Each structure stands twice: as structure tokens, then as C-alpha cells.
Amino acid sequence: MIPPTEITLRRPDDWHCHLRDGAMMASVAPFTARRFARAIIMPNLLPVQATPISARQYRGRILDALPEGAQFTPLMTCYLTDRTDPDDVARGFEEGVFTAVKFYPADATTNSADGVTDIRKVYPVLERMQKIGMPLLIHGEVVGDVDIFDREAVFIDRVFTPLLGDFPGLKTVFEHITTSEAVDFVRASSGRVGATITAHHLMINRNAMFEGGIRPHRYCLPVAKREAHRRAVRAAAVSGEPCFFLGTDSAPHEITAKVSARGCAGIFTAPAALELYVQVFDEENALDRLEAFASLNGAAFYGLPVNEGALRLVRQEWTVPEKVEVAGTSGLHPFMAGRNLGWRLADG
Ligand code: DOR
Ligand code: ZN
């Protein structure tokens, strides 16, 4: 078969994205809005986004930060804490402010100090969510003494499996999966558990963090795993199976916060987000399954309509920018900065 020189997709969605706030948001949101019709916006700001009122205000600030004419819908999430009120969550969902709730185990990652210290404490919230059909988005890593490369697999046994037993009707998304164990678990629970997959976890394994020296821009959580896991996650993404869908976890931190004695976790993929996935699907001869992964599976899982309209990409080299400026900061270093990619967005 002759390799295609262009592809047209139904407009895709990003089911996991960090836009931050203020000047940072003003710099990064246009990249996401250019590529995706909708994005699930993560609530781990300081202070965390935990009420319908603050989510409504945050949504307003995102819409104000978009370029003229952008057609982009931010889908807001509620940050789950030990003190979350089930009524607040249900009201936010019914009023269309919240699309989902995000569960960070306390201290698992960036701005997770207010996360859940013991899942049993939030059972009343989960009961309510199960009843109203509201999805729970899960950062699936245990904290504490467990080896950092095992935290996702251990989470499945210690937390996720019992959770499914206690809440058979709760819709859950296993966010940014990185291991073959997670792939197997999601497949076995397909229908009630979906999973997002990032572009960077499809492209790098854990060696990339130490290639010729420590590489802070390749550090994120969950941390990249060994090659066998990358291959398993890649096979899942390109399979077209309905339980796997696109979620970039684009997570900008300014350069001085990354290149530091204690560098922040997060990889900033937004400036090339879709193009990175296209490259992976092309390498795997699976371009015909990209639309399922990027534009159909996530919407179906969330019970939302698919987007109208199309996005065209062409096989043409371009260079990912070395740096993205953010007013008043040291700027952002995008994933694959300065490197050439083989696919670009048509028309700009
Ligand atoms: O690498 C990460 N960055 N993982 C997360 O879970 C949070 C995110 C962030 O907010 O920077
Ligand atoms: Zn994230």
C-alpha cells in the first residue's frame, strides 16, 4: 500500500490536559485549542479546583484566554479531597459545570497535597457518582515506600481492584497508563474502565530520562517504564479498542522549575500533541485506527457526542519550537524541542 501523504480526522479530543492559569494558560491554551475540539482540564491548581463555583470561574478564564474564533470546549473536573461534599459534586455535574471528578492519591504528584488520604473517606462521594453516572478519573499510583517503577501495578491490586468490587456501576478512567499490567487490567474491565494514553509514554522508555546525563524535561509521573511496557502501551493505543483513548497529560512547568535540584514532574507536549500521536500510528502502520483513538473512543466512553468538523494533517517535516515564551517566567521547553516531526497540521 502506498503510504498516505495526508489524513483527515473527525475533530479529536484531549481527555487529559493541564492548562494551568494566568500567563502560563495564555501561552499554552492556544496549542490545545488549535488541535482539539474539547479537553478534560485537570483541577490541580493552587488552590485546587474543588467546587462548582471555582470551576465555573476557571472555565471562564480559559475561554477568555483563547484566540478569536477558537472552537474549543474545556470540560471541567472536580478535585477530590477527603472533605468533598457529594452534593457539591452532584450539583456541579447536573448543572453541566463538572464533567468528571479527579482522584489524586495524596502526595502522589504535582499539587496533590489535598488529595485523598484513604479511599474509604470518599466512599459517599463515589456512591453518589455511581448513581448519577459521573466518571472518576484516577491517578493510579500508590505513594510511600513502593518502588517508583512499581507504583502503578501495585495500585491496581491495592486500590483499583477493590474499588471496582465495591462500586460495580462506577465509570472510571485509568489516567496515563504506562505498564503492561495496566493495559491488561483495562482490557479485562473494558466497558467500565477506560484509559488515557499520552504521546510521550508511547515514545520514550525510562532510559530516555538518563540519556547522556539527567534529562529533566523527560520526567513525569507516572514515570516512563522499561521498553517492554512501552511496547505494550503502544500496542494498546494503536489497537483501536474502545477502552483506550487519547489524553496528552501535557503538563507545563517553567524551565527553571524543571531544571532544578528538585525538578517538577511533567512533560509539555501541547505544541505538537496530535502530530506526535500521528507519528506513532504511522510507525505502527495503524493510521486507519487513529480516528478511533483520537476522536471516537473517548467520547463514547464519556457518553458525549462525537465532534462535528474535521482536522487535516499532511506528511511534511517541521521543527518543534525550542522554547515557548510565558510572560514573566523562564519559559517552557516542549517535548521534542528542536526536533523534526514528519506530520504537521494543514493550514497553519
Ligand atoms: O507528570 C505529571 N505532571 N504528572 C502528574 O500527575 C501531574 C502533572 C502536573 O500537574 O504537572
Ligand atoms: Zn495529569
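Right above here is the structure, for reference.
Keep in mind that what you see is a predicted model, and the values were worked out from it rather than measured. (Residues numbered from 1 in each chain as written. Chains lettered and ligands numbered in written order. Predicted model: local features only at pLDDT ≥ 70, side-chain atom pairs only at ≥ 80, totals over all residues. Heavy atoms only, no water.)

**Student:** Is there a simple way to think about the nonpolar core in this case?
**Tutor:** Soluble globular proteins tend to bury their nonpolar side chains together. Counting 98 residues, the largest nonpolar core has Leu126, Leu136, Phe174 and Phe244 as its most contacted members. Residues in contact with leucine 126, not counting those within four places in the same chain, are Ile119, Leu136, Leu163, Phe167 and Leu170. In this structure, Val48, Tyr104, Leu137 and Val173 belong to the second largest nonpolar core, which totals 14 residues. (Core = buried A, V, L, I, M, F, W, Y, C linked by side-chain atoms within 4.5 Å. Buried < 20%, exposed > 50% of the residue type's maximum accessible area, 1.4 Å probe, protein only. Contact = heavy atoms within 4.5 Å.)

**Student:** What is the right way to read the packing of aromatic side chains from this model?
**Tutor:** Pairs of aromatic rings are described using the distance from one ring centre to the other and the angle between the two planes. With the rule as written, the count across this model stands at 14 aromatic pairs. Relative to phenylalanine 155, the ring of phenylalanine 103 lies with its centre 6.3 Å away and its plane at 50 degrees, an arrangement referred to as tilted. In this pair, phenylalanine 103 sits in strand E5 (residues 98-103) while phenylalanine 155 sits in helix H5 (residues 151-166), placing the two residues 52 residues apart along the sequence. Assessed through its relative accessible area of 2%, phenylalanine 155 is described here as buried. The structure contains a cluster of three or more aromatic residues connected by ring pairs, namely Phe103, Phe155, Phe160, Phe174 and Phe185. (Phe/Tyr/Trp six-rings, centres within 6.5 Å; stacked < 30°, edge-to-face > 60°. Helix = DSSP H or I, 4+ residues; strand = E, 2+ residues; numbered from the N terminus.)

**Student:** Mind showing me how you'd approach the coordination of the zinc ion (ligand 2) here?
**Tutor:** In an ideal tetrahedron of four donors about a metal, each angle is 109.5 degrees. In an ideal octahedron of six donors, the angles are 90 or 180 degrees. Protein coordination at the zinc ion (ligand 2): the donors are His16 (NE2), His18 (NE2) and Asp249 (OD), at 2.1 Å from the metal. Mapped onto the sequence, the residues coordinating the zinc ion (ligand 2) show the spacing H-x1-H-x230-D. With histidine 16 in strand E2 (residues 13-17) and aspartate 249 in the loop between strand E9 (244-246) and helix H9 (255-258), this pair connects stretches of sequence that are 233 residues apart. Judged by relative accessible area, which is 7%, aspartate 249 ranks as buried. (Donors = N, O, S within 2.8 Å, 3.2 Å for Na, K, Ca; no water.)

**Student:** Honestly, the sheet that holds strand E6 (residues 136-138) in this entry has me stumped. Any pointers?
**Tutor:** In a beta sheet, neighbouring strands pair by backbone hydrogen bonds and run either parallel or antiparallel. Ordered in space as E2-E3-E4-E5-E6-E7-E8-E9, the eight strands form an open sheet in which the pairing is parallel. Taken across any chain shown, the strands that pair with only one partner, and hence form the sheet edges, are E2 and E9. For this sheet, the mean angle separating the axes of adjacent strands, direction not counted, is 30 degrees. Sheet analysis places E2 next to strand E3 (residues 38-41), joined by three bridges and oriented parallel. What sits directly across from aspartate 13, in E3, is arginine 38. Seen against the sheet, H5 touches E5, E6, strand E7 (172-174) and strand E8 (193-197) and runs at an angle of roughly 175 degrees to E7. (Pairing = 2+ DSSP bridges. Axes fitted to C-alpha atoms, helices over the stretch in contact; angles between N-to-C directions.)

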